[in-house]
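Spelled out, the chains give:
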Amino acid sequence: MDSADGTGPKMLADVKPPFIPEGASGMTVLVEWPPGDPGTPPHRHSGPCYGYVTEGAIRFELEGEPERVIKAGETLFEPGGDLIHYQNGNALSDAPSKFVVFMLCAPGQPMLTLVDEEELEQRAHLRHPRPTD
């Protein structure tokens with residue numbers, strides 16, 4: 001897909017697509033976080049999400065995986081379903097961050113569901129160990 005002279009399309013991510021049931025929908029969202037914004041509280045998505053950071057850097061953490069920082073020009077993937085998405089906020093305290101995300105929504109389900117404190121406590125053993133200060 002990449003051209004020999006570096007112009008044209010450039011492969012950023014190659015992820016096996018999920019089964020897409022009839023009645024599913026898709027949406028593309030531009031997310032903009034001001035400096036230091038923690039982002040959306042812990043939540044889950046009903047379907048997979050594919051994203052690209054266009055500016056700054058975001059703090060990204062999925063259940064069972066270590067927290068990581070995704071910088072401008074890098075991609076993210078989230079399988080959706082039962083998995084908790086803990087963080088997606090701005091990793092920078094002095095500059096805004098932006099990312100574009102394409103999300104597939106399971107039929108008849110909301111795209112995003114916040115996770116309550118009780119469920120977070122019940123599933124705490126599934127979260128990757130937190131960094132220590």
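Residues numbered from 1 in each chain as written. Predicted model: local features only at pLDDT ≥ 70, side-chain atom pairs only at ≥ 80, totals over all residues. Heavy atoms only, no water.

The name given to the chain in an unreviewed UniProt entry is Quercetin dioxygenase-like cupin family protein, and the organism recorded there is Streptomyces iranensis.

Attention now moves to the overall build of the chain. Helix and strand counts for the chain stand at 1 helix and 9 strands. The principal-axis extent of the C-alpha atoms belonging to the chain is close to 55 × 45 × 25 Å. Partitioning the intrachain contacts of the chain with sequence separation of at least 6 by distance along the chain shows that 75% fall at a separation of at least 24. Approximately 8,100 Å² of the chain is accessible, and the part contributed by carbon and sulfur atoms is 56%. In the chain, 10 side chains carry a positive charge and 21 a negative one; their mean positions are 4 Å apart. (Helix = DSSP H or I, 4+ residues; strand = E, 2+ residues; numbered from the N terminus. Contact = heavy atoms within 4.5 Å. Areas by Shrake-Rupley, 256 points an atom, 1.4 Å probe, with all protein chains shown as cover. Lys, Arg positive; Asp, Glu negative; His and termini not counted. Charge placed at Lys NZ, Arg CZ, Asp CG, Glu CD.)

Summarizing the sequence annotation, UniProt attributes the feature "domain: Cupin type-2" (unreviewed entry) to residues 30–85 in the numbering used throughout. Between the C-alpha atoms that bound residues 30–85 the distance is 18 Å, and the span itself is 0% helix and 52% strand. (UniProt positions renumbered as here; feature names shortened; annotations may be inferred.)

The next thing to look at is the sheet that holds strand 8 (residues 97–105). Neighbouring strands of a sheet are bound in pairs by backbone hydrogen bonds; such pairs are parallel or else antiparallel. One open sheet accounts for 4 strands, arranged 1-8-3-6; its pairing is antiparallel. The sheet is open, and its two borders are formed by strand 1 (25–33) and strand 6 (75–78), each paired with just one other strand. The mean angle between the axes of side-by-side strands here comes to 20°, regardless of whether they run parallel or antiparallel. Sheet topology note: the strand 1/strand 8 ladder contains 9 bridges and is antiparallel. (Pairing = 2+ DSSP bridges. Axes fitted to C-alpha atoms, helices over the stretch in contact; angles between N-to-C directions.)

Formed by 14 residues in total, the largest nonpolar core has its most connected members in I58, F60, I70, L76, F99 and V101. Elements supplying a minimum of two residues to this core: strand 1, strand 3 (49–55), strand 4 (57–62) and strand 8. Considering every element that reaches this core, the biggest residue donor is strand 8, with 4 residues. With residues up to four places along the chain from it excluded, the contact list for I70 reads V53, G56, A57, I58, F60, T75 and L76. (Core = buried A, V, L, I, M, F, W, Y, C linked by side-chain atoms within 4.5 Å. Buried < 20%, exposed > 50% of the residue type's maximum accessible area, 1.4 Å probe, protein only.)

Glancing now at the state of the cysteines. Evaluated as defined, the whole model comprises 0 disulfides. C105 provides the cysteine sulfur closest to C49, a residue in no disulfide bond, and the two sulfurs are 9.6 Å apart. Residue class for C49 comes out buried when judged on its relative accessible area of 2%. Assessed through its relative accessible area of 7%, C105 is described here as buried. (Disulfide = S-S within 2.5 Å.)

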